[in-house]
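Examining the three-dimensional arrangement
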Amino acid sequence: MDGKRKTILFKLFGSSVSFMRRCLFSVLSVGPVPNHLAFILDGNRRYAKKWNLGEGMGYRAGFLSLMSLMKYCYELGVKYVSIYAFSIDNFRRRPEEVQYVMDLMLEKIEGMLKEESLVNQYGVRVYFIGNLKLLHEPVRLAAEKAMKATSNNNNSILLICVAYTSTDEIVHAAQQSCEDKWAAIQSSVNIKDSQDGEEKDTNDVIKLSDIESHMYMRVAPDPDILVRTSGETRLSNFLLWQTSNSLLYSPKALWPEIGLRHLVWAVLNFQRAHPYLEKRRKQP
Ligand SMILES: CC(C)=CCC/C(C)=C/CC/C(C)=C/COP(=O)(O)OP(=O)(O)O
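Quantities reported herein were computed from a predicted structural model and do not represent experimental measurements.

1. Considerations on the pairing of strand β1 (residues 36-40)
- Among the 5 residues in β1, 5 count as buried, and that is most of the element.
- Side chains H36, A38 and I40 project from β1 onto one buried face, and the interleaved L37 and F39 project onto a second face that is buried too.
- Of the strand pairs in this sheet, β1 and strand β2 (residues 80-87) are connected by 5 bridges, and their pairing is parallel. When the bridges of β2 are listed, F39 appears paired with I83.
- In this sheet, strand β5 (residues 225-228) lies alongside β1 in parallel orientation, the contact comprising 4 bridges. Looking across to β5, one finds that F39 is bridged to V227.

Okay, here's the thing in structure tokens:
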């Protein structure tokens, strides 16, 4: 078969697969579609080992899976996708491994800024979530640039958790809330001193809403589903505050092996559990 025919056949195959996927999503959309999916990308190094690849290739394969899954999520109508891309604990890995992931991130973030990228194709707004000061400088700058460049996109939201752990997020939010409260108390004392007026209500109790308004994840609702690949059933310090009513799904597949069937299975399970999850959410 000559090259031209092969290309035509390849394109035909591609468009019929995408047509069937869209039909499948139309059927799935008859039930409730999750608004927010969160993923722990586990098993990249094991994938590389399994296929005798260099460790770095595991991460590269992981990035490709991430792109396909994001595409499926947005086609299905999921508005928010969160990923655990690098935890604060991951900085304790071998320096050359950390450097490899940072270089890969830099390369991929720069790719996101290109016009033909998935992010621009689907109108995705990107947030980098976490203690960004811990990132290598070029990655932090690229992350800030990507957040700014996509700030007018509003079809879907991608939250990339890097230099993130839940405990760090909670401590940060608690510290910020205390600082705000302290500043409010100070300013009310100053007003009282200068005006010698009526005492202002300076409630010095920190409320749940104060903490929540300082969480890094405040820009998104709580996840409906949390997926952790490679059969692990631990949360590993990811979104501990936000997942008390999320459906947890832990397929055996390593992250680079995750695909459409896992997404469909997760959504079907969510739809089955939906009445119960909704009831839990409405409880005060
Ligand atoms: C720009 C952007 C979002 C890039 C993301 C790139 C990417 C795939 C990062 C994954 C990093 C990571 C530490 C995954 C955990 O798997 P693991 O290495 O712990 O695998 P293991 O469980 O087999 O050891």
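2. Structural notes on the confidence of the model for the protein chain
- Within the protein chain, residue pLDDT values average 92, and 95% of them lie at 70 or more.
- Across the predicted assembly, pTM comes out at 0.91 and ipTM at 0.94.

3. Here's the deal with the site of the ligand
- Near the ligand lie 16 residues; those nearest to it are D42, R45, R46, A85 and R93.
- Measuring from an oxygen atom of the ligand, one finds a backbone N or O atom of L41 at 3.2 Å.
- In the environment of the ligand, an oxygen atom lies 3.0 Å from a nitrogen or oxygen atom belonging to the side chain of N44.
- When the ligand is considered free in solution it has 630 Å² of accessible area, and contact with the protein chains removes 94% of it.
- Judged by its atoms lying within 2 Å of the grid points, the ligand is housed in the largest pocket.
- Of the residues assigned to the shell around the ligand, the class counts are 7 nonpolar, 4 polar and 5 charged.

4. So, the layout of surface pockets
- The space that makes up the largest pocket amounts to roughly 720 Å³.
- Those elements giving two or more residues to the lining of the largest pocket turn out to be α2 (44-50), α3 (55-76), β2, α4 (95-112) and β4 (156-164).
- The class makeup of the residues in the lining of the largest pocket is 19 nonpolar, 6 polar and 9 charged.

5. Brief notes about helix α9 (residues 260-282)
- Between its terminal C-alpha atoms α9 stretches 31 Å, which fits the 33 Å expected from 23 residues at 1.5 Å a residue.
- Its maximal kink placed at H274, α9 deviates by approximately 60 degrees, while the proline P275 follows within four residues.
- On the buried face of α9, the contacting elements are α1 (3-28), β1, α3, β5 and β6 (247-249).

6. Overview of the packing of α4 against helix α6 (residues 137-149)
- Contact pair α4 / α6: the axes reach a minimum separation of 9 Å and the direction vectors enclose 25 degrees. The pairing of α4 with α6 is recorded here as roughly parallel in orientation. Note that α4 runs across α6; the crossing there is left-handed. Along the contact surface, α4 presents M102, M105, L106 and I109, while α6 presents P138, V139, A142, A143 and A146.

7. Some remarks on the packing of aromatic side chains
- Counting across every chain of the model gives 6 aromatic pairs.
- Where Y84 meets F238, the ring centres are 4.3 Å apart and the plane angle is 10 degrees; that geometry is what we call stacked. Highlighted residues: Y84 in strand β2 and F238 in the loop between β5 and β6, separated in sequence by 154 residues.
- Judged by its relative accessible area of 0%, F238 is buried.
- Measuring from centroid to centroid gives 5.9 Å for Y164 and F238, while their planes differ by 85 degrees, and the two rings are edge-to-face. Of this pair, Y164 sits in strand β4 while F238 is found in the loop between β5 and β6, placing the two residues 74 residues apart along the sequence.

Each value, and the rule that gives it
Residues numbered from 1 in each chain as written. Predicted model: local features only at pLDDT ≥ 70, side-chain atom pairs only at ≥ 80, totals over all residues. Heavy atoms only, no water. Buried < 20%, exposed > 50% of the residue type's maximum accessible area, 1.4 Å probe, protein only. Helix = DSSP H or I, 4+ residues; strand = E, 2+ residues; numbered from the N terminus. Pairing = 2+ DSSP bridges. pLDDT = per-residue confidence, 0-100. Near = heavy atom within 4 Å. Polar contact = N/O pair within 3.5 Å; in protein donor to acceptor, adjacent residues only side chain to side chain. Areas by Shrake-Rupley, 256 points an atom, 1.4 Å probe, with all protein chains shown as cover. 1 Å grid on protein atoms, 1.4 Å probe; cavity = no way out; pocket = protein on both sides within 12 Å on 5 of 7 lines; lining within 4 Å. Sits in = over half its atoms within 2 Å of the grid points. Nonpolar A, V, L, I, M, F, W, Y, C, P; charged D, E, K, R; others polar. Points joined across faces, edges and corners; volume = space filled by probe spheres on them. Expected span 1.5 Å × (residues − 1). Bend = angle between axes of the 7 residues up to and from the residue. Contact = heavy atoms within 4.5 Å. Axes fitted to C-alpha atoms, helices over the stretch in contact; angles between N-to-C directions. Parallel < 35°, antiparallel > 145°, perpendicular 65-115°, else oblique. Left-handed = near helix turned anticlockwise from the far one by under 90°. Phe/Tyr/Trp six-rings, centres within 6.5 Å; stacked < 30°, edge-to-face > 60°.

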